[in-house]
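Observations on chain architecture
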Amino acid sequence: MEQRDAPSKEILRDFYREMLLIRRFEEKVEELFRAGDLPGFLHVAIGQEAVAVGVCRALEEHDVIASTHRAHGHTLAKGTPPEAVMAELFGKQEGCSRGYGGSMHLYDVERGNLGANAVVGGGLPAIVGAALAFKFRGESRVAVAFFGDGATNIGTFHESLNLAQLWQVPALFVCENNRWAESTPASQQLTIEDLTQRAAAYGMESVRVYGQDVEGVYREAVRAVERVREGCPVFFLCDTYRLHGHYIGDPQVYRSKEDIEDARDNHDPLELARPQLELSDDELDQMDSEIADIVERAVEFARNGTDPDPEDALRNVYA
Amino acid sequence: MPELSYREAVRDALSRAMRRDDDVFIIGEDIAEMGGSMGVTMGMLDEFGPERVRNAPISEMAIVGAGIGAAMQGMRPVVEVMYEDFLTLAMEQIVNQAAKHRSMSGGQVKVPLTVRTQGGAGWSPGAQHAQQVEAWFVHVPGLKVVFPSTPTDVRGLLWSAIYDDNPVVFFEHRTLYGIKEDVPEELEPIPIGQARVHREGEDVTVVATGRLVHEAVAAAKDAEEDGVSVEIVDPRTLQPLDEDTIVESVKKTNRCVVAHEAVARMGFGAEVAAVVQEKAFDYLDAPIERVGAKFAPIPFAPVMEEYVVPHAGDVLEAIRRTVARDGA
Amino acid sequence: MANEVKLPRLGQGMEAGTIVKWLKSEGETVEKGEPLYELDTEKVTQEVEADFSGVLLKIAIEEGEVPVGQTIAVIGDQGETVEVGGDDGAPQSAEKPARAPKRDAERELGRAASIEEQVTEVKAPKREDGRVKASPLARRIARERGIELGGLSGTGPEGRIVAEDVERAATTPSTAAPAVAPAGAGAEAEVEQLSSTRRTIARRLTEAWQAPVFQLGVTADMTQTLALREQLLARQAEGSVRPTVSDILTKLCGVALVRHRELNAHFVEDELRRFPSAAVGLAVAAERGLIVPVIPSCETKSVTEIAAARADLVERARGGKLQRSDLEGGTFTISNLGMFGVERFVAVLNPPQVAILAVGSTEERPVVEDGAVVVRPTMELMLTCDHRAVDGAPAAAFLRDVKAFLEQPALAL
């Protein structure tokens with residue numbers, strides 16, 4: 001097992017590449033949506049790449065995650081190929097949920113992705129249950145729930161933290177505090193500034209990190225995951241920033257220009273990581289164009305995918 | 001043949017499954033030392049220990065959801081919700097999560113979860129502890145719903161529910177826990193989706209569930225004296241519904257009464273009536289009658305509760321309406 | 001290189017937006033990311049940034065609602081010429097599908113199989129709104145056994161007919177029901193599947209039943225018409241068809257019809273079509289049922305010509321050799337049951353025609369003339385009209401003329 005506390009430059013570059021893939025993927029998704037190519041509605045993770053990559057890279061392959069409506073980043077970071085995600089957004093059979101789920105219901109069970117959830121907080125109890133199953137079977141696996149600051153207000157959050165702590169199951173609760181619940185700022189929905197207090201209310205251990213520094217996130221995540229694997233649930237709070245709107249097309253009329261600019265100028269995880277990589281401009285350009293290619297190919301793949309038969313709607317209702 | 005009460009039959013099914021498979025475990029409120037509010041799990045803590053007979057805090061969402069998560073990992077959890085009125089607290093997890101995982105994932109995921117619950121009026125518990133809510137769940141694609149009315153049925157069907165790979169909402173009835181019946185020595189699984197002709201007859205088919213199966217039996221005896229021969233069909237599984245057995249029966253008798261304790265209006269019985277008129281239209285000699293609770297929250301005072309909730313007399317009246325004549 | 005600026009889809013479900021104001025003018029330089037115009041969507045007015053850098057060469061749409069995807073401007077290099085590519089994004093309005101062909105064709109076919117109803121006495125009794133209350137099972141048994149529900153009394157709640165009532169009727173002879181299964185043990189009902197002709201007749205009759213009709217009756221003194229017939233017979237050419245009273249009636253009706261065009265008409269959906277010429281249909285009993293071949297231009301044909309046409313049609317009808325054209329285009333129908341000894345009856349409308357004349361036998365009957373009772377040959381005529389198309393007064397005027405023409409044929413000249 002390699003030295004995971006201090007990731008090497010190579011590993012950092014790999015993290016950066018992954019974050020860049022997520023960034024370009026999401027930008028392309030926005031473009032496609034605006035052109036009218038994608039049905040439904042979409043929430044991009046632009047600005048929150050470091051949390052997805054930092055946490056997912058701290059996990060083993062057999063660990064499981066459950067995500068939120070803002071799921072593309074987590075899904076890619078957990079290893080689902082971009083073609084499969086893109087094809088799902090296009091509603092094709094080749095999509096990771098075979099066209100049945102769409103942006104907010106991306107599943108990849110083989111890679112430990114137990115599904116993204118459109119109901120805020122909806123996936124947390126099942127993560128407690130998965131962790132319980134690991135404990136029952138004596139498996140050294142970890143179950144990770146991703147959710148936002150808005151979710152810390154809903155019943156399932158409180159019930160799940162309480163139950164996980166009570167039963168001492170290997171669950172990691174990753175809270176991406178981007179300080180906005182759709183259009184509602186923290187000041188209008190949270191009674192406290194430090195959300196780790198919510199975990200403390202249930203006697204749960206917590207960690208708080210700056211979510212835009214992928215290296216920092218990774219190192220803390222490794223430590224937290226170790227703790228969780230020992231059977232102690234942990235609340236992992238990441239202070240992060242949403243660089244775009246809540247959903248594609250959100251004009252963010254509720255957010256001040258300064259707030260948006262501050263996020264874009266000072267808290268972009270890609271900008272922050274780049275100087276640490278020790279790569280030349282040419283090498284960065286090279287990576288950029290490789291990633292751009294990968295995304296283009298994913299779009300091609302998706303466009304040429306197979307539409308489901310309308311009658312497929314009646315399949316997979318029951319096992 | 002051993003005699004088991006409905007309550008013992010539930011315990012028997014749970015225990016046998018847990019003995020056979022480490023993957024089966026139960027979660028619920030007060031199910032451990034106390035043995036459950038209805039005494040169903042009495043003694044099971046001693047046999048299986050606190051990990052597998054797991055007391056839970058009052059967190060219906062989380063415990064049902066935990067059941068979902070464990071089921072997705074291949075275990076077969078049975079979660080008890082103390083009163084079916086409290087299913088409301090776990091609706092989001094049951095309806096938005098458990099019922100839909102399989103579809104949303106394109107078939108990658110299975111949720112072999114059983115949610116056991118009970119309800120029933122007649123003891124003045126007040127409106128929030130007396131409801132019958134099966135209609136909400138039969139309406140959700142992805143869920144199966146079972147409602148047995150006898151010890152043999154509840155034992156055989158609970159076993160099948162546990163081993164079904166889909167989420168099953170399993171309704172027991174409070175007033176039935178004490179009824180006793182001779183049951184086979186070995187547990188015989190009963191297939192989900194299969195109705196049972198509880199009593200054979202010629203003149204009218206009564207489709208009844210839960211407590212109303214027994215009320216229908218009483219009404220049938222009275223009707224016999226009027227010269228009306230009543231056939232009673234207990235669907236046992238509400239979703240998927242055994243339409244064939246019901247329709248065949250109505251084609252034979254030409255008359256149909258649907259009876260359940262739940263509110264009549266917009267209830268499960270309405271669906272049965274629709275199916276019968278669709279598939280046996282030309283065989284009906286009278287309009288389909290429905291028996292169910294009147295449209296009001298169930299009041300506390302015994303006289304009012306008695307009025308709202310249906311009994312054998314209501315079934316008998318419905319039977320009589322189907323064979324009524326004005327002249328000749 | 002010029003880039004077209006298209007209206008972007010900015011939200012789920014957005015199909016169009018309204019350009020409120022351009023923030024740059026034609027000819028101005030634009031940087032990618034700079035606000036370019038203000039857009040009003042259903043939810044909010046917002047600034048939209050430029051996706052390209054360059055010169056705003058052309059604003060194609062100044063303001064107003066634009067569908068998503070439509071080109072609204074072009075950004076390119078200074079001096080480039082630009083042609084804005086129309087509404088490549090705008091959805092083409094679908095061509096209105098051709099109106100579904102009217103049911104005329106069917107009606108033409110159906111007209112060939114029209115039938116009149118028999119005398120009122122035999123009609124089945126009906127409830128207030130015409131519906132019979134019977135359980136689905138009772139109806140099925142009645143259908144299978146050929147029992148008329150209308151004649152039964154029901155013992156079910158509110159007089160509903162139940163299976164038992166039909167079973168009882170099947171085993172006891174009933175006087176009310178016109179078509180009852182044979183009584184007695186072992187008697188099997190003869191089941192005849194309806195031929196398509198009969199089914200069409202049944203269907204068209206049901207259609208005709210929808211029309212609100214009224215009936216007018218007159219009795220005509222046939223003395224002059226009978227005399228005219230004798231004259232025609234006397235002058236008849238060798239081998240030609242003997243004209244009948246019906247032929248004279250057909251001619252006279254033709255004349256009356258063009259003088260009262262309201263009755264020489266079709267009622268179709270919301271239209272009334274009056275015809276300049278009278279094409280009179282004659283009900284003929286053919287083997288497979290009643291059919292109504294048509295004699296066109298009755299107002300201009302002579303009685304002799306009408307007789308010839310009539311004879312030809314009847315012969316071909318009886319021989320099953322009628323063509324479709326023989327059955328099409330009728331504007332009025334005459335049904336004559338006089339040869340069967342029927343004195344009077346009411347005919348069922350032949351839609352889309354607005355009127356039909358039922359004619360009975362000519363009988364010697366006592367009439368009053370100048371205060372004294374005398375015996376004259378008289379014929380009863382009943383005119384049935386579709387009240388949606390024809391009112392009483394014009395119908396009466398028409399019938400009065402027909403009677404007048406029968407009583408004094410010269411008036412038809």
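Some remarks on the overall build of chain B
Along its length, chain B carries 12 helices and 14 strands. Taken over 328 residues, chain B has a buried fraction of 60%. Residue pairs in contact within chain B that sit at least 24 positions apart in sequence constitute 78% of those at least 6 positions apart.

A word on the overall build of chain C
Helices and strands together make up the secondary structure of chain C, namely 9 helices and 18 strands. Classification of the 413 residues of chain C by burial places 34% in the buried group. For chain C, the share of sequence-separated contacts (at least 6 apart) that also reach a separation of at least 24 residues comes to 61%.

With respect to unusual backbone geometry
If a residue is not glycine, its phi is most likely negative; likewise, a peptide bond is most likely trans. Here the residue pair glutamine 239 of chain B and proline 240 of chain B is connected by a cis peptide bond, since its omega of 0° sits within 30 degrees of zero. Of note, proline 240 of chain B is situated in the loop between strand 12 (237–239) and helix 9 (243–253). With an omega of 10°, the peptide bond between proline 351 of chain C and proline 352 of chain C qualifies as cis. By the element assignment, proline 352 of chain C lies in the loop between strand 16 (332–336) and strand 17 (355–369). One non-glycine residue, asparagine 316 of chain A, adopts positive backbone phi at about 65°.

Some details on the interface of chain A and chain C
The partner chain C presents 9 residues to the 9 residues of chain A that form the contact. Looking at the side of chain A that touches chain C residue by residue, the class counts come to 5 nonpolar, 3 polar and 1 charged.

Considerations on the interface of chain A and chain B
If you look at the interface, chain A gives 32 residues, while chain B gives 31 residues. Listed by contribution, the elements that provide at least two residues to the side of chain A that touches chain B are strand 2 (113–116), helix 5 (124–137) and helix 6 (155–167) of chain A. Tallying contributions element by element places helix 5 of chain A first for the side of chain A that touches chain B, with 9 residues. Residues of the side of chain A that touches chain B, tallied by class, amount to 18 nonpolar, 12 polar and 2 charged.

Quick word on the environment of glutamine 323 of chain C
All names here are of chain C. Locating glutamine 323 in the fold gives a position in the loop between helix 7 (303–318) and helix 8 (324–327). For glutamine 323, a count of 9 C-beta atoms within 10 Å translates into the label exposed. A sequence separation of 10 residues divides glutamine 323 from leucine 313, and the C-alpha atoms of the two residues are 9.7 Å apart.

Some words on the packing of helix 6 (residues 245–259) of chain C against helix 9 (residues 392–407) of chain C
Residue and element names in this part refer to chain C. Remark: helix 6 packs on helix 9, axes separated minimally by 9 Å, with the N-to-C direction vectors making an angle of 145°. Pair helix 6 / helix 9 crosses with right-handed handedness. Counted together, Leu252, Cys253, Val255, Ala256 and Arg259 of helix 6 and Phe398, Asp401, Val402, Phe405 and Leu406 of helix 9 form the full contact between these two elements.

Digging into the pairing of strand 2 (residues 16–22) of chain C
Residues and elements named next belong to chain C. Strand direction decides the pairing type here: strand 2 and strand 7 (residues 64–67), joined by 4 bridges, are antiparallel. Within strand 7, the position partnered with isoleucine 19 by the bridge is glycine 64. As paired elements, strand 2 and strand 4 (residues 35–40) share 4 bridges and run antiparallel to each other. Bridge pairing in strand 4 links tryptophan 22 to tyrosine 37.

Points about the sheet that holds strand 11 (residues 230–234) of chain B
Residues and elements named next belong to chain B. Strand order in the open sheet made by the 5 strands is 9-11-10-13-14, with mixed pairing throughout. Lying at the two open borders of the sheet, with one neighbouring strand each, are strand 9 (196–199) and strand 14 (289–293). For this sheet, the mean inter-axis angle between neighbouring strands, taken without regard to orientation, is 25°. Summarising the sheet, strand 10 (residues 204–208) and strand 13 (residues 256–263) pair through 4 bridges and their orientation is parallel. When the sheet's bridge partners are listed, valine 207 is paired in strand 13 with valine 258.

As for the environment of leucine 152 of chain C
Residues and elements named next belong to chain C. By the secondary structure assignment, leucine 152 is in the loop between helix 2 (136–145) and helix 3 (163–171). With 22 C-beta atoms packed within 10 Å, leucine 152 lands in the buried category. Sequence spacing of leucine 152 and arginine 168 is 16 residues, and the spatial spacing of their C-alpha atoms is 9.7 Å. With residues up to four places along the chain from it excluded, the contact list for leucine 152 reads Ile161, Asp165, Val166 and Ala169.

Remarks on the sheet that holds strand 8 (residues 71–76) of chain C
Within a sheet, neighbouring strands are paired by backbone hydrogen bonds and run either parallel or antiparallel to one another. Residue and element names in this part refer to chain C. Ordered in space as 1-8-6-3, the 4 strands form an open sheet in which the pairing is antiparallel. The sheet terminates laterally at strand 1 (3–6) and strand 3 (29–30), the two strands that pair on one side only. Strand direction decides the pairing type here: strand 3 and strand 6 (residues 54–59), joined by 2 bridges, are antiparallel. Bridged to valine 30 within strand 6 is glycine 54.

What about the pairing of strand 18 (residues 372–386) of chain C?
All names here are of chain C. Note: strand 9 (residues 213–221) against strand 18, 9 bridges, orientation antiparallel. Its bridge partner lying in strand 18, phenylalanine 214 is registered against cysteine 385. Two elements, strand 17 and strand 18, share 13 bridges in a ladder whose sense is antiparallel. Its bridge partner being in strand 18, threonine 362 is matched across the sheet by methionine 379. Between strand 17 and strand 18, which follow one another and run antiparallel, lie 2 residues, and aspartate 370 among them has a positive phi close to 50°.

Some thoughts on the environment of glutamine 236 of chain C
All names here are of chain C. With respect to the element layout, glutamine 236 can be found in the loop between helix 5 (223–234) and helix 6. On the basis of neighbour count, glutamine 236 is assigned to the partly exposed category, with 14 C-beta atoms found within 10 Å. Taking the C-alpha atoms as reference points, glutamine 236 and threonine 304, 68 residues apart in sequence, are found 8.3 Å from one another.

Focus on helix 6 of chain C
Between the first and last C-alpha of helix 6 of chain C there are 21 Å, a value that for 15 residues agrees with the 21 Å anticipated at 1.5 Å per step. Every buried residue of helix 6 of chain C is accounted for by Asp247, Ile248, Leu249, Thr250, Lys251, Leu252, Cys253, Gly254, Val255, Ala256 and Leu257 of chain C.

Examining helix 3 of chain C
Residues and elements named next belong to chain C. Among all positions of helix 3, only Ala163, Asp165, Val166 and Ala169 are buried. The buried residues of helix 3 occupy an angular sector of 165° when projected down its axis, which confines them to one face. Here the buried face of helix 3 lies against helix 2.

Notes on the confidence of the model for chain C
In low-pLDDT segments, the atomic positions of the prediction should not be examined closely. Residues and elements named next belong to chain C. Looking at chain C, pLDDT values average 81 and 82% of them are 70 or higher. Between residues 86–126, whose pLDDT stays under 50, and residues either more than four places distant or in other chains, the model counts 54 contacts. Contacts of residues 174–185 to residues separated by more than four positions or lying in other chains number 25 contacts, the stretch itself having pLDDT below 50. Overall fold confidence for the complex sits at a pTM of 0.69, while the interface term, ipTM, reaches 0.88.

So, how was this worked out
Residues numbered from 1 in each chain as written. Chains lettered and ligands numbered in written order. Predicted model: local features only at pLDDT ≥ 70, side-chain atom pairs only at ≥ 80, totals over all residues. Helix = DSSP H or I, 4+ residues; strand = E, 2+ residues; numbered from the N terminus. Buried ≥ 20, exposed ≤ 12 C-beta atoms within 10 Å, placed from the backbone. Contact = placed C-beta atoms within 7 Å. Nonpolar A, V, L, I, M, F, W, Y, C, P; charged D, E, K, R; others polar. Axes fitted to C-alpha atoms, helices over the stretch in contact; angles between N-to-C directions. Left-handed = near helix turned anticlockwise from the far one by under 90°. Pairing = 2+ DSSP bridges. Expected span 1.5 Å × (residues − 1). Arc of directions from axis to C-beta. pLDDT = per-residue confidence, 0-100.

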